[in-house]
Amino acid sequence: MAGGKVKEENGKGKTRQQQHAPYQGGISFHKSKGQHILKNPLLVDAIVQKSGIKSTDIILEIGPGTGNLTKKLLEAGKKVIAVEIDPRMVLELQRRFQGTPHSNRLTVIQGDVLKTELPYFDICVANIPYQISSPLTFKLLNHQPTFKFKDKVMSVLKEGDFEEKRSSKLTLQEFLYLLSLFNKAGIHFS
């Protein structure tokens, strides 16, 4: 009992409200799929500030949701390419930015970022679900072949004998060794 009301639980100890937290506009979020919305404006501002975005940058945003971070990215950069898997969120983004000064600088792509051909971008800023972090990192590292980055990444993987290994199957020691090889090659993660 909380606040005088009994919380109805499903069999797993979660209330119905915790399973699908509704957005103010009536959209239910699927927490099991990693869906969560950045609502804290101070956190959004901090993400944008720490990104080091330049006014000339084309920004890739993954999982923009309702567009709270998208709005600040549009204010900071030249263009935002937002990749969203949920068609309901795509509609919400289109509604939110339709007719605004930013609408011509926003491109929304509906699809799974891991399966979508990505256009050119300068920087990626995203609040991604944990479960896609490893495959997404490797996809982004391999995305910009025009900078010979893919060759550099592949040489690091080859040097450590990681070419055929899955990141999710690495031990902590192997992962730290791979990270040190990337750092040695001038590739740093933050």
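Reading the values: rules and limits
Residues numbered from 1 in each chain as written. Predicted model: local features only at pLDDT ≥ 70, side-chain atom pairs only at ≥ 80, totals over all residues. Heavy atoms only, no water. Helix = DSSP H or I, 4+ residues; strand = E, 2+ residues; numbered from the N terminus. Buried < 20%, exposed > 50% of the residue type's maximum accessible area, 1.4 Å probe, protein only. Areas by Shrake-Rupley, 256 points an atom, 1.4 Å probe, with all protein chains shown as cover. Core = buried A, V, L, I, M, F, W, Y, C linked by side-chain atoms within 4.5 Å. Contact = heavy atoms within 4.5 Å. Pairing = 2+ DSSP bridges.

Chemist: Would you take a moment to explain the overall build of the protein for this structure?
Modeler: Across its full length, the protein carries seven helices and four strands. Taken from the N to the C terminus, the helices and strands of the protein come in the order α-α-β-α-β-α-β-β-α-α-α. Looking at the protein residue by residue over its 190 residues, the buried ones come to 33%. Element-wise, carbon and sulfur atoms account for 53% of the exposed surface of the protein, whose accessible area totals about 12,400 Å².

Chemist: Explain the nonpolar core to me, please; I cannot follow it from the model alone.
Modeler: Inside soluble globular proteins, nonpolar side chains tend to come together where they are buried. Formed by 15 residues in total, the largest nonpolar core has its most connected members in Ile53, Ile59, Leu69, Leu73, Val80, Leu106 and Val125. Among the elements of the structure, helix H2 (41-51), helix H3 (68-76), strand S2 (79-84) and helix H4 (87-97) are those that each provide at least two residues to this core. A per-element tally of this core places H3 first, with three residues. If we ignore the near neighbours within four places in the chain, the residues touching valine 125 are Ile47, Ser51, Ile53, Ile59, Leu60, Glu61, Ile62, Leu69 and Leu73.

Chemist: Is there a simple way to explain the pairing of S2 in this structure?
Modeler: A regular strand places its side chains so that they alternate between the two faces of the sheet. Counting buried positions along S2 yields five of six residues, so the element is predominantly enclosed. Relative to S2, strand S1 (residues 58-62) is paired through five bridges, and the arrangement is parallel. Looking at S2, one finds that isoleucine 62 is bridged to valine 83. Inspection of the sheet shows S2 paired to strand S3 (residues 106-110) by five bridges, in the parallel sense.

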